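# Architecture and fold: a report
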Amino acid sequence: MEKPRADVADRVKEIITVQLGVEASHVVDNASIVEDLGADSLEVAQIVMLIEDEFGIDIPDNAADALVTVGDAIYVVIASKAKI
């Protein structure tokens, strides 16, 4: 059974919150991972790897480069899981 979007969103947001050490209230769908949450390129790469491990998916480099907001990260997971 597929996980609902809310569950995926919660898990992605938790990964980002823990990895960046930011307040959970700041990790909203339209928050920029770099601009708003202060991630550097290494942290973004780490977040991508953690999301891949958490959900058992592979995020291609072009999709990883397009992860600008928290919502983008959630969308990539949902889109990847839909292809399975």
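Residues numbered from 1 in each chain as written. Predicted model: local features only at pLDDT ≥ 70, side-chain atom pairs only at ≥ 80, totals over all residues. Heavy atoms only, no water.

### Observations concerning the packing of helix 1 (residues 5–20) against helix 4 (residues 70–83)
Interaxial distance between helix 1 and helix 4 falls to 9 Å at its minimum, and their mutual angle equals 125 degrees. Judged by the inter-axis angle, helix 1 sits oblique to helix 4. For helix 1 against helix 4, the interelement crossing comes out right-handed. Judged by residue contacts, R5, V8, A9, V12, K13 and I16 of helix 1 engage V70, A73, I74, V77 and I78 from helix 4. Residues that form the contact of helix 1 with helix 4 fall into these classes: 9 nonpolar, no polar and 2 charged. (Axes fitted to C-alpha atoms, helices over the stretch in contact; angles between N-to-C directions. Helix = DSSP H or I, 4+ residues; strand = E, 2+ residues; numbered from the N terminus. Parallel < 35°, antiparallel > 145°, perpendicular 65-115°, else oblique. Left-handed = near helix turned anticlockwise from the far one by under 90°. Contact = heavy atoms within 4.5 Å. Nonpolar A, V, L, I, M, F, W, Y, C, P; charged D, E, K, R; others polar.)

### Some remarks on the pattern of salt bridges
Throughout the structure, instances matching the rule amount to 3 salt bridges. In this structure, E54 engages R11 in a salt bridge whose closest nitrogen and oxygen atoms are separated by 2.9 Å. Taken as a pair, E54 in helix 2 (residues 41–55) and R11 in helix 1 lie far apart in primary sequence, 43 residues in all. Here the salt bridges share partners, and the residues they tie into one network are D7, R11 and E54. (Salt bridge = Lys/Arg side-chain N within 4 Å of Asp/Glu carboxyl O.)

### Describing the nonpolar core
The biggest cluster of nonpolar side chains holds 27 residues, and the ones touching the most others in it are V12, I16 and I51. Taken together, the elements giving at least two residues each to this core come down to helix 1, helix 2, helix 3 (61–65) and helix 4. Setting aside chain neighbours within four positions, we find I51 in contact with V12, I15, I57, I59, A73 and V77. (Core = buried A, V, L, I, M, F, W, Y, C linked by side-chain atoms within 4.5 Å. Buried < 20%, exposed > 50% of the residue type's maximum accessible area, 1.4 Å probe, protein only.)

### Details of helix 4
Since the α-helix turns once every 3.6 residues, residues separated by three or four places project in the same direction. The terminal C-alpha atoms of helix 4, which comprises 14 residues, lie 21 Å apart, in line with the 20 Å expected from a rise of 1.5 Å per residue. V70, G71, A73, I74, V76, V77 and S80 are the residues of helix 4 that are buried. Where the residues of helix 4 are buried, they touch helix 1 and helix 2. (Expected span 1.5 Å × (residues − 1).)

### What to know about the confidence of the model for the protein
Should pLDDT be low for a region, the predicted coordinates there are not to be read in detail. For the protein, the average pLDDT comes to 92, and 95% of its residues sit at 70 or higher. Taken element by element, the protein is modelled with least confidence in helix 4, mean pLDDT 90, and with most confidence in helix 2, mean pLDDT 96. (pLDDT = per-residue confidence, 0-100.)

### Thoughts on the environment of D72
Its location among the elements puts D72 in helix 4. If we ignore the near neighbours within four places in the chain, the residues touching D72 are A66 and L67. Of note is the side chain of D72, whose polar atom sits 3.0 Å from the backbone nitrogen of V68. (Polar contact = N/O pair within 3.5 Å; in protein donor to acceptor, adjacent residues only side chain to side chain.)

### A short note on the side chain of S80
By secondary structure assignment, the location of S80 is in helix 4. Not counting the four nearest positions on each side in its chain, S80 is found in contact with I57 and D58.

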